[in-house]
Amino acid sequence: MRGAVVKTNVLTDADNTLWDTDRVFASAQLELLGLVERALKREAIPEDRLAYVRSLDQMLAERHHAGLRYPPRHLAKAIALALTGVRAQEAARLAWTSATERQVIGDLEAETAERTFLAAVQRLPDLRDGVAEGIHALHTAGCLITVVTEGSREKAARTARSQGIGHYIDRIIEAPKHLGLYKRVQLLPGVSSPGYMIGDQLERDIRPAKEAGLITIYYPGGFKPRWEADPQLVQPDFTVSSFAEVPAIVLKASHPPQKSNKFHSQPQ
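Presented here is an overview of the structure given in this document. (Residues numbered from 1 in each chain as written. Predicted model: local features only at pLDDT ≥ 70, side-chain atom pairs only at ≥ 80, totals over all residues. Heavy atoms only, no water.)

### So, the sheet that holds strand 4 (residues 196–199)
Moving on, step 1. On the basis of which strands lie adjacent, the open sheet formed by six strands has the order 3-2-1-4-5-6 and parallel pairing. Of all strands in the sheet, those with a lone pairing partner are strand 3 (171–174) and strand 6 (238–239), marking the two edges.
Moving on, step 2. As paired elements, strand 5 (residues 215–218) and strand 6 share two bridges and run parallel to each other. Residue pairing in the sheet places I217 in a bridge with F238 of strand 6.
Moving on, step 3. In this fold helix 7 (residues 153–162) packs onto strand 2 (144–149) and strand 3, with an angle of close to 145° to the strand it touches most, strand 3.
Moving on, step 4. Contacting strand 4 and strand 5, helix 9 (residues 202–211) runs over the sheet at an angle of about 160° to strand 5. (Pairing = 2+ DSSP bridges. Helix = DSSP H or I, 4+ residues; strand = E, 2+ residues; numbered from the N terminus. Contact = heavy atoms within 4.5 Å. Axes fitted to C-alpha atoms, helices over the stretch in contact; angles between N-to-C directions.)

### Some remarks on the environment of V246
Moving on, step 1. Mapped onto the elements of the fold, V246 is located in helix 11 (residues 246–252).
Moving on, step 2. For V246, a relative accessible area of 0% translates into the label buried.
Moving on, step 3. Between the C-alpha atom of V246 and that of L40, which follows or precedes it by 206 residues, the distance is 48 Å.
Moving on, step 4. Among residues more than four places away in sequence, those in contact with V246 are L138, I198 and I217. (Buried < 20%, exposed > 50% of the residue type's maximum accessible area, 1.4 Å probe, protein only.)

Functional significance is not addressed by these values, which are geometric in nature.
Spelled out as structure tokens, the structure:
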């Protein structure tokens, strides 16, 4: 009797790893800024308008239990306060308060801005560099490809189908990313161990996967929260500048890379 086929276990993050969600959010955040500017008839001074919004965005995220998934109406309120001269930290604090006398725009305006923002972030993101060819090569080589996302499973599946890569993906797991999850996915029947984890977030994709024994491939995205760890502290096994570099790592290595290995990507 032939033994069961064992496939190489390849896990990958979705947002900002397979597709450029950051660009979609950047566009939506700039639209939100413009909407508030028009409502107040004021204009932000900084040349880097996106950095201006994202500074407030991260201050708000640090105050909310859902992190960056806080209600966007609060960002509209914080921007409005900042545009009237309130310091950024104070604007982020006041955006949460229900005291109407401290608000520059009303709840109705803020909720309208929120609806506009939420509609904008539903736009289809483009694939990141090298994803189409990289994931095709992994599939052709017989790898078991699993997408691990903290977002909506249905949305990830829809985006993958719309971008023409859905048929390469074997499964999508929607779950909080932590050590226990990465340990469990290595127990799936018919897959090799250790497996691989590809992601753009050091604290959610790389660190817990590495602690669980996975070989980690860090694919930095365009957005790095200020609370994100230093790559030198996390030490991903590989760092790549394109997803197209991933198959050469996965298909060449049958064991964890040595610290002295050199690749076009950058082993840590």
